Protein chains: 2
Amino acid sequence: MRVALIGTGLIGGSMMLRLKHQGLVDKVYGVDLNGLHLQTALERGIIDEIATLSTLPKDLDLIVVAIPVDAARGLLPELLSSISSTTTVMDVGSTKEALTKSLESHPNRGRFVAFHPMWGTENSGPDSAQLDSFDSRACVICDSQDSDSDALEKIENLAKNLGMSVLYMSAKDHDLHAAYISHISHITSYALANTVLEKEREEDTIFQLASSGFSSTVRLAKSHPDMWVPIFRQNKENVLDVLNEHISQLRKFKSALEKENYELLEELIVNANRIRPILEQD
Amino acid sequence: MRVALIGTGLIGGSMMLRLKHQGLVDKVYGVDLNGLHLQTALERGIIDEIATLSTLPKDLDLIVVAIPVDAARGLLPELLSSISSTTTVMDVGSTKEALTKSLESHPNRGRFVAFHPMWGTENSGPDSAQLDSFDSRACVICDSQDSDSDALEKIENLAKNLGMSVLYMSAKDHDLHAAYISHISHITSYALANTVLEKEREEDTIFQLASSGFSSTVRLAKSHPDMWVPIFRQNKENVLDVLNEHISQLRKFKSALEKENYELLEELIVNANRIRPILEQD
């Protein structure tokens, strides 16, 4: 399989490491605006050759678009116009509705598969790429009926080779669920970091007292704005909806404390504890 | 060293596993209201003998009080009245001001050391106890000037044997910093779980889509109310103060999104990113 990787960061890099490790990929052309990333990707064996969009061979089997969602939305219509009829194009972005909408009347829409791996870390760049990142994780394929069957099959096989289970849903449903289960976690984590930085002016105290609990809850606050601003922007309505709910849930804790209603406080905690069996299903 | 462990849960259990592993403890008497916990603690070698408060030997070297902070506050005055002049008593609770205040005029105050290990998990009970829990973590000793020097030295040595670095502060400062760095993380995590449970009615979807990011941010929401309601109650003023700040930080994200002010959104994220170098100091 001859592949182009557009965006040699955490997600695309981890994907190529795995597919190359399995011998499924013969050659990877890497495209990136960041020259240092291209160099690192080359050194780590994520890509085999540095390329540009205009120098990419026309007869590639697969193009993986692994760049921020606003850039992906800008690039994909043009990219789809320039590919051969046997090339499959996939993205790996965290929002899908705006992207699929911008492609819905594209003559080559069928060559595109909207793909979202439910894995990531707070780190970015090819340095952070890991071989077994996707193992046993879920991925979502959106609007699969709009992809050609051979293109869909290629991405389904790719997901299988990454060790992922595939869920199918519409782009609209995907963005709704992603707001609930992924995007809001990033906002709460960013806001928690800002809260602690605002209240705790002694940075050494943060460092010294930070427990595993704090580090875990605030971990996502290290995530890069170049990735996350466009996600929040494209999924604004859903994110605002769940953010409003979250503020209202926090107000319940506030009210329980202010009114010294410790029975209500316990109820709120007991309700939150219900997340344990849901996350720990067999 | 002959020790009594009052409360055979995660913290006390982990502590005894380590101290016994190092051969520093000859015998541990276990006291707990929960008979199953006592049985498990015995089977795991956390304790050597089941006891009750009234059957504990009088000449113990150390009594570790590892029960919820409201219960500790209720028990400690009486316990301190019943010990020999060579016994040291320590607690491991997450709040200190109410406790130390209730002991300030106690004739045996000097035998008590207020101790808080900055480690925990979302799990509780002796089943969850781990041998190397405290390694390379910080602990806080509060109001050390109020402890007898031999009692203080005993707990400092214990901390060293657990692999912990010791910070010293007043009980008042401790509770303030603990609210900022630990207690608020629990509230945000509980509220995030309640938000997702409220918005995402399809539990299977939560399970299937939950990424490592979501699991990490919501992890503390599994924590037991018996431990956390008393902590929030005893540290109400500080927790409310930081909770108000947190709601106001979330409102900034909301406002940036509503007004489509993506420069502000980016600023908020860049500011939050400052947590990375603080948490990753050498």
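Cut-off values and rules
- Residues numbered from 1 in each chain as written.
- Chains lettered and ligands numbered in written order.
- Predicted model: local features only at pLDDT ≥ 70, side-chain atom pairs only at ≥ 80, totals over all residues.
- Contact = placed C-beta atoms within 7 Å.
- Helix = DSSP H or I, 4+ residues; strand = E, 2+ residues; numbered from the N terminus.
- Nonpolar A, V, L, I, M, F, W, Y, C, P; charged D, E, K, R; others polar.
- Least-squares fit on C-alpha atoms with pLDDT ≥ 70 in both.
- pLDDT = per-residue confidence, 0-100.
- Expected span 1.5 Å × (residues − 1).
- Buried ≥ 20, exposed ≤ 12 C-beta atoms within 10 Å, placed from the backbone.
- Arc of directions from axis to C-beta.
- Axes fitted to C-alpha atoms, helices over the stretch in contact; angles between N-to-C directions.
- Parallel < 35°, antiparallel > 145°, perpendicular 65-115°, else oblique.
- Left-handed = near helix turned anticlockwise from the far one by under 90°.
- Domains from an automatic or database assignment.
- Pairing = 2+ DSSP bridges.

> So what's going on with the interface of chain B and chain A? Which residues, and what values?
Accessible area lost upon the coming together of the parts is a frequently used measure of interface size. Between chain B and chain A, the contact holds 79 residues from the first and 79 residues from the second. Secondary-structure elements contributing two or more residues to the side of chain B that touches chain A are α6 (171–199), α7 (203–209), α8 (212–218), α9 (225–234), α10 (236–258), α11 (262–273) and α12 (275–279) of chain B. Counting residues per element, the side of chain B that touches chain A draws most heavily on α6 of chain B, which supplies 19 residues. When the residues that make up the side of chain B that touches chain A are grouped by side-chain class, the tally is 43 nonpolar, 21 polar and 15 charged.

> Can you explain the relation of the copies chain B and chain A? Please cite residues and give values.
One copy of the chain maps onto the other through a rotation about an axis plus a displacement along that axis. Between chain B and chain A, which share one sequence, the superposing operator has a rotation angle of 180° and an axial displacement of 0.0 Å; the RMSD is 0.0 Å. Taken together, the rotation angle and the small translation identify this as a two-fold axis. Residue Thr217 of chain B, judged by its C-alpha, is the member of chain B lying nearest the rotation axis, at 2.1 Å.

> Let's hear about the confidence of the model for chain A: which residues, and what values?
Residue-level pLDDT values for chain A average 95, and 100% of them are 70 or greater. Listed scores for the predicted complex are pTM 0.94 and ipTM 0.94.

> Any chance you could break down helix α5 (residues 149–161) of chain A for me, citing the residues and the numbers?
Residues and elements named next belong to chain A. Across its 13 residues, α5 extends 18 Å between first and last C-alpha, which sits within 8% of the 18 Å expected from 1.5 Å per residue. What α5 keeps buried is the set Ala151, Ile155, Leu158 and Ala159. When α5 is viewed along its axis, its buried side chains cluster within an angular range of 100° and face the same direction. The exposed set on the far side of α5, more than 90 degrees from its buried face, consists of Ser149, Asp150, Asn157 and Lys160. On its buried face, α5 is in contact with β5 (88–91), β6 (112–117), β7 (138–142) and β8 (165–169). After α5 finishes, the residue Gly163 shows a positive phi value of roughly 85°.

> Talk me through the packing of helix α10 (residues 236–258) of chain A against α6 of chain B; I want residue IDs and the actual numbers.
Between α10 of chain A and α6 of chain B, the shortest axis-to-axis distance is 9 Å and the interhelical angle comes to 130°. Between α10 of chain A and α6 of chain B, the angle falls in the class oblique. Where α10 of chain A crosses over α6 of chain B, the handedness of that crossing is right-handed. Between α10 of chain A and α6 of chain B, the residues in contact are Val242, Glu245, His246, Gln249, Leu250 and Phe253 of chain A and Ile187, Ala191, Leu192, Asn194, Thr195, Glu198 and Lys199 of chain B, respectively.

> Would you mind going over the domain arrangement of chain A in detail, with residue names and values included?
Residues and elements named next belong to chain A. For chain A, the assigned domains read domain 1 (2–170) and domain 2 (174–279). Computed from C-alpha atoms alone, the centre-to-centre distance between domain 1 and domain 2 is 30 Å. At the interface, 15 residues of domain 1 touch 16 residues of domain 2. Listing elements by their share of the side of domain 1 that touches domain 2, those giving two or more residues are α3 (69–82), α4 (97–103) and β7.

> Can you break down the sheet that holds β8 of chain A residue by residue, with the values?
Neighbouring strands of a sheet are bound in pairs by backbone hydrogen bonds; such pairs are parallel or else antiparallel. All names here are of chain A. Read from one edge of the open sheet, eight strands run β3-β2-β1-β4-β5-β6-β7-β8, paired in mixed fashion. Since the sheet does not close on itself, it has two edges, and those belong to β3 (49–50) and β8, each with one partner. Sheet topology places strand β1 (residues 2–6) next to strand β4 (residues 62–65); four bridges connect them, and they run parallel. Counterpart to Ile6 in the pairing with β4 is Val65.

> Describe the environment of Leu240 of chain A, naming the residues involved and giving the relevant values.
Relative to the helices and strands, Leu240 of chain A is located in helix α10. The residues touching Leu240 of chain A, leaving out its near neighbours within four places in the chain, are Lys254, Leu257 and Glu258 of chain B.

> How would you summarise unusual backbone geometry if you had to cite specific residues and measurements?
All names here are of chain A. Positive phi outside glycine occurs at Ser136, with the angle close to 65°. Residue position: Ser136 is located in the loop between β6 and β7. Phi at Glu260 is positive, roughly 50°, even though this residue is not glycine. Along the chain, the position of Glu260 falls in the loop between α10 and α11 (262–273).

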